[in-house]
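Understanding the architecture of this molecule
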Amino acid sequence: MKRGLGLVIALLALAAPFSSARAESADDERLVLAVTPMMTRGPIETNEVEGLELVLAAALQKEARVRAIMPAEIQTLLGLEAQKQLLGCDTDASCLAEIGGALGAPYVLSTQVSRVGSTWILQLSLLDASTNQIMTRATREVDGIDPLIGALKSAVTESLAKLPLDAVAGDAA
């Protein structure tokens, strides 16, 4: 995976001017947050959680001080092959930090969903790309899949509460 990571970082570096220019427009002083593809663990069918990424996008869009770069946008910037290599970075903080930094995003948000029996576990991790440190992990456990929507929304709110109030996209980079 480390060998492929170099290619991904190179591709991200080529895409960074495009994403940074969008982030630094005069009317957009929001914090830039790169969102990684949602990872699943345990006996979960893809179609069971497909809509959760849309719920995540909607929750992030409601946050006035955040401009999220969603996985679909990252995929467009990088292409499918590089995106596949990115999936290997789900737990390596330094890898996620490099991705966020290359996209001009000072923060990275990763999401994991797992299931143990009938209990669903959701975890959002917010990473500071400049320090390679996890700022916060918001974890929720719910019985059944339906309560995951509310759990995801509350986890987003909890995670973003850790972002600095005075930082903006131009200052945080």
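See the structure shown above.
Report on the accompanying structure. In this text the structure is predicted, and so the values were computed from the model without any measurement.

Parameters at a glance
Residues numbered from 1 in each chain as written. Predicted model: local features only at pLDDT ≥ 70, side-chain atom pairs only at ≥ 80, totals over all residues. Heavy atoms only, no water. Helix = DSSP H or I, 4+ residues; strand = E, 2+ residues; numbered from the N terminus. Contact = heavy atoms within 4.5 Å. Core = buried A, V, L, I, M, F, W, Y, C linked by side-chain atoms within 4.5 Å. Buried < 20%, exposed > 50% of the residue type's maximum accessible area, 1.4 Å probe, protein only. Salt bridge = Lys/Arg side-chain N within 4 Å of Asp/Glu carboxyl O. Pairing = 2+ DSSP bridges. Expected span 1.5 Å × (residues − 1). Arc of directions from axis to C-beta.

A look at the side chain of S114
- Tracing the backbone shows S114 in strand β4 (residues 107-116).
- Once residues lying within four places of it in the same chain are set aside, the contact partners of S114 are R41, I44, T119, W120 and I121.

Structural notes on the nonpolar core
- Core analysis: the biggest nonpolar cluster contains 30 residues, and L56, L60 and V113 have the highest contact counts within it.
- Those elements that provide at least two residues to this core are β1 (31-35), α2 (46-61), β3 (66-69), β4, β5 (119-128), β6 (133-143) and α6 (148-160).
- Sequence-distant contacts of L56, that is, excluding residues within four places in its chain, are made with V35, M70, L109, T111, L124, L152 and V156.
- I69, L103, A105 and V108 belong to the second-largest nonpolar core, a separate cluster that totals eight residues.

Side note on the pattern of salt bridges
- What the rule picks out here adds up to two salt bridges.
- Among the salt bridges present, the one from R115 reaches E48, with a minimum N-O distance of 3.3 Å. Taken together, the positions of R115 in strand β4 and E48 in helix α2 put the pair 67 residues apart, joining distant regions of the chain.
- Using a relative accessible area of 21% as the deciding quantity, one classes R115 as partly exposed.
- Overall, the relative accessible area of 29% leaves E48 in the partly exposed class.
- Between R140 and E158 there is a salt bridge, with the nearest N and O atoms lying 2.7 Å from each other.

Regarding the pairing of β3
- Residues of β3 alternate between two faces, with V66 and A68 on one and R67 and I69 on the opposite face, all of them buried.
- In this sheet, β3 lies alongside β1 in parallel orientation, the contact comprising four bridges. Paired with A34 across the strands is I69, a residue of β3.

Considering unusual backbone geometry
- Phi at N132 is positive, roughly 60°, even though this residue is not glycine.
- Within the fold, N132 resides in the loop between β5 and β6.
- When its relative accessible area of 34% is taken as the criterion, N132 is described as partly exposed.

What about the pairing of β6?
- Two strands pair when backbone bridges link them, and β5 and β6 are joined in this way by ten bridges, in the antiparallel orientation. Bridge assignment links S125 to a residue of β6, and that residue is R137.
- Between β5 and β6, which pair antiparallel and follow one another directly, the connecting turn spans four residues, one of which, N132, has a positive phi of 60°.

A short note on α2
- Taking 1.5 Å of rise per residue, the 16 residues of α2 would be expected to cover 22 Å, and the 24 Å separating its terminal C-alpha atoms lies within 8% of that figure.
- Taken together, the buried positions of α2 are occupied by V49, L52, V55, L56, A59 and L60. Along the axis of α2, the buried residues cluster in a sector spanning 130°; they form a single face. Exposed residues pointing more than 90 degrees away from the buried face of α2 are listed as T46, N47, E50, L54 and Q61.
- Elements that come into contact with the buried residues of α2 comprise β1, β2 (39-41), β3, β4, β5 and α6.

Notes on α6
- For α6, built from 13 residues, the straight-helix expectation of 18 Å at 1.5 Å per residue is met to within 8% by its first-to-last C-alpha distance of 18 Å.
- L148, A151, L152, A155, V156, S159 and L160 are the residues of α6 that are buried. Projection of α6 onto a plane perpendicular to its axis shows the buried side chains occupying an angular sector of 150°, all on one side.
- Where α6 is buried, its residues contact β1, α2, β3, β4, β5 and β6.

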